[in-house]
Amino acid sequence: MLAMNYRGPQRVRIDQKPLPQILHPEDAIIRVTRSCICGSDLHLYNGNVPDTRVGETFGHEFIGVVEEVGYAIQKLKVGDNVIVPFNIACGRCAFCKQGLYGNCHESNPQATAAGGIFGYSHTTGGYCGGQAEYVRVPYADVGPTVIPEGMDLDDAVLLTDVVPTGYQAAEMGGIQKGDTVVVFGAGPIGIMAAKCAWLFGAGRVIIIDQIEYRLEFARNYAQCEAYNFRSLEDPVVFIKKTTDSLGADVCIDAVGAEAAGNAMQTITGRKLLLQAGSATALHWAINSVKKGGIVSIVGVYGPTDNLVPIGNVVNKGITIRANQASVKRLLPKMIEHVQEGRINPKALITHRIPLEEVADAYRIFSDKLDNCIKTVLIPPS
Ligand code: NAD
Ligand code: ZN
């Protein structure tokens with residue numbers, strides 16, 4: 001089968017790989033009909049996730065048709081069209097039982113990492129990803145959810161990650177009616193978080209990024225205010241000024257690790273006292289949220305990051321909430337939001353690219369070329 005193949009930092013290509021096999025009675029094999037490239041894949045692509053091995057196939061956002069099931073599978077049937085959550089969850093460990101499907105113990109027992117994730121290095125279990133024609137799905141009676149009749153496949157594929165993650169970012173923010181919410185990062189996740197903030201009753205939503213076309217997209221899609229941090233004196237000062245010196249009620253970090261490192265280089269001229277690799281967006285979030293406010297982090301980080309202003313967290317009484325999205329927990333509600341027209345996921349898709357052209361697809365998404373917001377890979381039919 002055709003599959004994306006990681007060759008080292010910023011080098012991916014399309015290759016032939018053996019078809020996946022059922023390895024466990026609770027597995028299913030899915031023929032992929034759509035997969036996406038995610039901002040999380042860029043951490044892998046840039047070589048910033050430990051234990052990412054040459055030869056791995058990435059891809060944790062995919063939908064497809066069930067081709068084969070293991071003998072223990074009871075719910076899923078051959079021929080079902082399914083949304084596959086990006087988290088691999090056993091459904092029975094202590095964490096899954098609490099609804100923490102992104103922190104499943106059985107699929108990835110490493111204490112310091114997320115639960116299992118498709119195509120996301122050996123740090124999250126070493127599972128093969130879905131940027132391929134076929135993929136093995138473990139615990140297939142737990143995560144995969146039949147795509148509702150009539151749902152557009154482009155909407156369905158964004159329910160594997162972007163929609164629930166954006167929603168969970170807003171949910172973790174504990175947004176109260178009338179709150180001012182500031183979202184850092186106008187990638188697909190930040191834009192979706194801004195959109196969802198309104199569903200929780202936000203009174204004002206502000207998004208901050210450095211890429212004009214993304215800010216413009218966010219203004220239209222999420223009906224929010226959007227500012228370029230390159231043209232602000234200092235985003236923290238700006239947010240204080242625009243909130244009567246109090247700070248935002250809720251700040252959301254939808255940037256994560258090395259994207260923030262890149263942004264850093266663009267602002268060193270303005271004497272921000274940070275070091276390369278430190279979390280710029282997270283700093284801004286902590287320093288611009290009000291006393292007693294909430295910082296919600298969905299941006300992905302490595303196990304450690306330097307110079308987080310933890311003193312300010314303590315002195316201001318800030319609550320920090322963070323996690324991988326719990327896709328299975330949120331999926332029924334997200335399907336309702338899409339069916340009832342409150343969220344229109346497919347509007348985020350700017351690029352539909354054949355799987356065979358995966359190297360170009362990564363370059364376009366990574367370098368933010370051609371006004372790219374979200375890229376979908378289409379396997380040959
Ligand atoms: P993306 O790379 O498309 O977008 C990131 C955006 O952040 C870019 O537009 C970039 O210009 C902007 N940016 C960089 N530095 C910034 C700064 N200091 N302030 C404001 N904006 C800044 O990525 P995406 O797909 O939107 O994903 C965003 C983050 O969410 C990534 O870290 C990704 O790994 C993470 N993520 C987490 C989960 C989860 O479950 N927690 C799921 C999916 C993605
Ligand atoms: Zn993703």
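Okay, so let's go over this structure. If you're wondering where the values come from, they're calculated on a predicted model, not measured in any experiment.

1. Remarks on the nonpolar core
Line of reasoning, step 1. Grouped together as the largest cluster of nonpolar side chains are 78 residues, with contacts concentrated most on L159, I191, I207 and L348.
Line of reasoning, step 2. In terms of residue count, helix α5 (residues 188–199) provides more of this core than any other element does, seven residues in total.
Line of reasoning, step 3. Looking at which domains feed residues into this core, each of domain 1 (2–161 + 325–378) and domain 2 (166–322) gives three or more.
Line of reasoning, step 4. Setting aside anything within four residues of it in sequence, one finds L348 in contact with L158, V162, P188, I191, M192, F217, Y221, I373 and K374.
Line of reasoning, step 5. In this structure, I73, L76, F118 and V142 belong to the second largest nonpolar core, which totals 23 residues.

2. Some remarks on the coordination of the zinc ion (ligand 2)
Reference values for coordination geometry: four tetrahedral donors around a metal ideally subtend 109.5 degrees, six octahedral donors ideally subtend 90 or 180 degrees.
Line of reasoning, step 1. In this structure, C38 (SG), H60 (NE2), E61 (OE) and D161 (OD) serve as the protein donors to the zinc ion (ligand 2), at separations of 2.0 to 2.2 Å.
Line of reasoning, step 2. Every donor counted, the four donor atoms about the zinc ion (ligand 2) form angles of 91 to 134° at the centre, which fits tetrahedral coordination.
Line of reasoning, step 3. Donor residues binding the zinc ion (ligand 2) come from one chain and are separated in sequence as C-x21-H-E-x99-D. In this pair, C38 is assigned in the loop between β3 (28–37) and α1 (39–45) and D161 in the loop between α3 (153–157) and α4 (162–172), connecting sequence segments 123 residues apart. The residues C38 and D161 share a single accessibility class, namely buried.

3. Structural notes on empty space enclosed by the protein
Line of reasoning, step 1. Here the structure, examined in full by the defined rule, presents two cavities of 30 Å³ or more.
Line of reasoning, step 2. In this model, the largest cavity occupies a volume close to 60 Å³.
Line of reasoning, step 3. Around the largest cavity sit V84, P85, N87, I88, A89, F118, V137, P138, Y139, V142, G143 and P144, which together line it.

4. Details of α4
Line of reasoning, step 1. Burial analysis of α4 places 10 of its 11 residues in the buried class, the great majority of the element.
Line of reasoning, step 2. Of all the residues in α4, the buried ones are V162, V163, P164, T165, G166, Y167, Q168, A169, A170 and M172.
Line of reasoning, step 3. Elements in contact with the buried residues of α4: α5, β13 (248–253), β14 (289–297), β15 (319–322), α11 (327–339) and β17 (374–378).

Criteria and cut-off values
- Residues numbered from 1 in each chain as written.
- Chains lettered and ligands numbered in written order.
- Predicted model: local features only at pLDDT ≥ 70, side-chain atom pairs only at ≥ 80, totals over all residues.
- Heavy atoms only, no water.
- Core = buried A, V, L, I, M, F, W, Y, C linked by side-chain atoms within 4.5 Å.
- Buried < 20%, exposed > 50% of the residue type's maximum accessible area, 1.4 Å probe, protein only.
- Helix = DSSP H or I, 4+ residues; strand = E, 2+ residues; numbered from the N terminus.
- Domains from an automatic or database assignment.
- Contact = heavy atoms within 4.5 Å.
- Donors = N, O, S within 2.8 Å, 3.2 Å for Na, K, Ca; no water.
- Tetrahedral: all angles 85-135°; square planar, octahedral: opposite > 155°, others 65-115°.
- 1 Å grid on protein atoms, 1.4 Å probe; cavity = no way out; pocket = protein on both sides within 12 Å on 5 of 7 lines; lining within 4 Å.
- Points joined across faces, edges and corners; volume = space filled by probe spheres on them.

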